[in-house]
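Residues per chain, in single letters:
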Amino acid sequence: MYFRLRRWALKIMSFVISANRLFMLSLSRRLRNLLYGEFSVQVLPSPITTPYCCDLSPETMQVALDATLAGTSYCTPAWDESRESFFQRLLEEPEGPEGLVRRNPIVHPELAMIMAMVKGEIEHVLPYIGVSKLSCIMCIHYIRAFNGLTEQKIATRGSHGKVYPGWFWPNLPSRDQELRPAFLGCMRQQLLSDFELHEERRYSDSSVGSGLPKIELDKTKDTEDGIHAAFIRRLRTREQRQ
């Protein structure tokens, strides 16, 4: 209920928020020229895509999880219960049939702009993609991998954390060979972070009334780094008790 109220409140206040941002923009010495300069509109063609089959079978998901946790302490027998719990949660996600065919996959606008930039179709732009909606987690990790390889500093508003099976890989022949393993590494790190967060929440729920200390995150530090730090502290506490 809280998130729905917050969403509608943002919609109602969107005009005031936008006006305030323009006002702040006018006060910036570096960016105020945007308000007085000339704007041009360039329509980018939608990149060509081809249908593909997304295999979401339990076997494939198990392989992905095993590959992510390989080489970590989470592969030991002591973590069997945790891995099984996390895997069952993945199976509960409403992803549709096991062999999901997307007849009209699309390259998301953020990545279409990067494609045009790399190909020289657009020039002289600020390294910020101003989209009306938050980016999906796939786009965020692609941009992160792209920035790491090209030393660019492209940024967006952020991510809503969702994944869309109809997401399509942008075609950049000059960079694809480097980008694919870098992107895969980012996605595996995301899966690992999800596993750690799931275990932290599961442990917190099961510790109620058990006499074990309950970890409470500082509200001002409830970020990915803060959650990870709390998780490490919880692991050390468990090891000491054993």
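A brief look at the structure comes next. (Residues numbered from 1 in each chain as written. Predicted model: local features only at pLDDT ≥ 70, side-chain atom pairs only at ≥ 80, totals over all residues. Heavy atoms only, no water.)

**Digging into the pattern of salt bridges**
Then, number 1: Tallied over the entire structure, the rule returns two salt bridges.
Then, number 2: Here Asp-80 and Arg-83 are joined by a salt bridge, their closest N and O atoms 2.3 Å apart. Taken together, the residues span about one helical turn, with Asp-80 and Arg-83 both in helix 5 (residues 80–92) at a distance of three residues.
Then, number 3: Residue classification places Asp-80 among the partly exposed residues on the basis of a relative accessible area of 39%. (Salt bridge = Lys/Arg side-chain N within 4 Å of Asp/Glu carboxyl O. Helix = DSSP H or I, 4+ residues; strand = E, 2+ residues; numbered from the N terminus. Buried < 20%, exposed > 50% of the residue type's maximum accessible area, 1.4 Å probe, protein only.)

**A look at helix 4 (residues 58–69)**
Then, number 1: Counted at 1.5 Å a residue, the expected span for helix 4 with its twelve residues is 16 Å, and the 16 Å between its end C-alpha atoms agrees.
Then, number 2: Buried residues of helix 4: Met-61, Leu-65, Thr-68 and Leu-69, and no others. For helix 4, the angular spread of buried residues about the axis comes to 90°, placing them on one side. Exposed and oriented more than 90 degrees from the buried face of helix 4 are Glu-59 and Val-63. (Expected span 1.5 Å × (residues − 1). Arc of directions from axis to C-beta.)

**Let's talk about the packing of aromatic side chains**
Then, number 1: Under the criterion given, the structure shown has ten aromatic pairs.
Then, number 2: Ring centres 5.0 Å apart and planes at 65° place the aromatic pair Tyr-74 and Phe-195 in the edge-to-face group. With a gap of 121 residues between them, Tyr-74 in the loop between helix 4 and helix 5 and Phe-195 in helix 8 (residues 176–206) connect regions that are remote in the sequence.
Then, number 3: Among the residues examined, Tyr-74 registers a relative accessible area of 6% and is labelled buried.
Then, number 4: By relative accessible area, Phe-195 is classed as buried at 0%.
Then, number 5: Within the aromatic cluster, the residues linked to one another by ring pairs are Tyr-74, Trp-79, Phe-86 and Phe-195. (Phe/Tyr/Trp six-rings, centres within 6.5 Å; stacked < 30°, edge-to-face > 60°.)

**Remarks on the nonpolar core**
Then, number 1: With 23 residues, the main nonpolar core has Leu-111, Ile-114, Tyr-142, Phe-146, Trp-167, Leu-179 and Phe-183 as its most contacted residues.
Then, number 2: The set of elements that each furnish at least two residues to this core consists of helix 6 (109–118), helix 7 (137–150) and helix 8.
Then, number 3: Of all the elements, helix 7 adds the most residues to this core, at seven residues.
Then, number 4: Grouped together as the second largest cluster of nonpolar side chains are eleven residues, Leu-65, Trp-79, Phe-86 and Phe-87 included. (Core = buried A, V, L, I, M, F, W, Y, C linked by side-chain atoms within 4.5 Å.)

**Here we look at the side chain of Thr-150**
Then, number 1: If you trace the backbone, Thr-150 turns up in helix 7.
Then, number 2: Overall, Thr-150 belongs to the buried group, its relative accessible area being 19%.
Then, number 3: In terms of polar contacts, Thr-150 uses its side chain to reach the backbone carbonyl oxygen of Phe-146, at 2.7 Å. (Polar contact = N/O pair within 3.5 Å; in protein donor to acceptor, adjacent residues only side chain to side chain.)

**Describing a nonpolar patch on the surface**
Then, number 1: A contiguous nonpolar patch, built from Ile-12, Met-13, Phe-15 and Val-16 and spanning about 460 Å² of accessible area, is present on the exposed surface.
Then, number 2: Tracing the chain through its elements places Ile-12 in helix 1 (residues 2–12).
Then, number 3: On the basis of relative accessibility, which here comes to 67%, the residue Ile-12 falls in the exposed class. (Patch = residues over 30% accessible without salt bridge, like charges linked within 9 Å, V, L, I, M, F, W, Y side chains within 5 Å. Areas by Shrake-Rupley, 256 points an atom, 1.4 Å probe, with all protein chains shown as cover.)

**Section: the side chain of Asp-176**
Then, number 1: Relative to the helices and strands, Asp-176 is located in helix 8.
Then, number 2: The side chain of Asp-176 sits in the buried core without any salt bridge; Arg-180 is the nearest counter-charge, 4.1 Å away.
Then, number 3: Each residue touching Asp-176, except ones within four places of it in the same chain, is listed here: Trp-169, Pro-170 and Asn-171. (Lys, Arg positive; Asp, Glu negative; His and termini not counted. Contact = heavy atoms within 4.5 Å.)

**Here we look at the state of the cysteines**
Then, number 1: Counted under the stated rule, the structure contains zero disulfides.
Then, number 2: Not engaged in a disulfide, the cysteine Cys-139 finds its nearest cysteine sulfur in Cys-136; these two sulfurs lie 3.6 Å apart.
Then, number 3: You can call Cys-139 buried: its relative accessible area is 0%. (Disulfide = S-S within 2.5 Å.)

**Some thoughts on the packing of helix 6 against helix 7**
Then, number 1: The geometry of helix 6 relative to helix 7 is characterised by a closest axis approach of 10 Å and an angle of 25° between their N-to-C directions. Comparing their axes, helix 7 and helix 6 come out roughly parallel. Taken together, the residues of helix 7 that come into contact with helix 6 (itself represented by Glu-110, Leu-111, Ile-114, Met-117 and Val-118) are Cys-139, Tyr-142, Ile-143 and Phe-146.
Then, number 2: Each residue belonging to the contact of helix 6 with helix 7 can be placed in one class, and the counts come to eight nonpolar, no polar and one charged. (Axes fitted to C-alpha atoms, helices over the stretch in contact; angles between N-to-C directions. Parallel < 35°, antiparallel > 145°, perpendicular 65-115°, else oblique. Nonpolar A, V, L, I, M, F, W, Y, C, P; charged D, E, K, R; others polar.)

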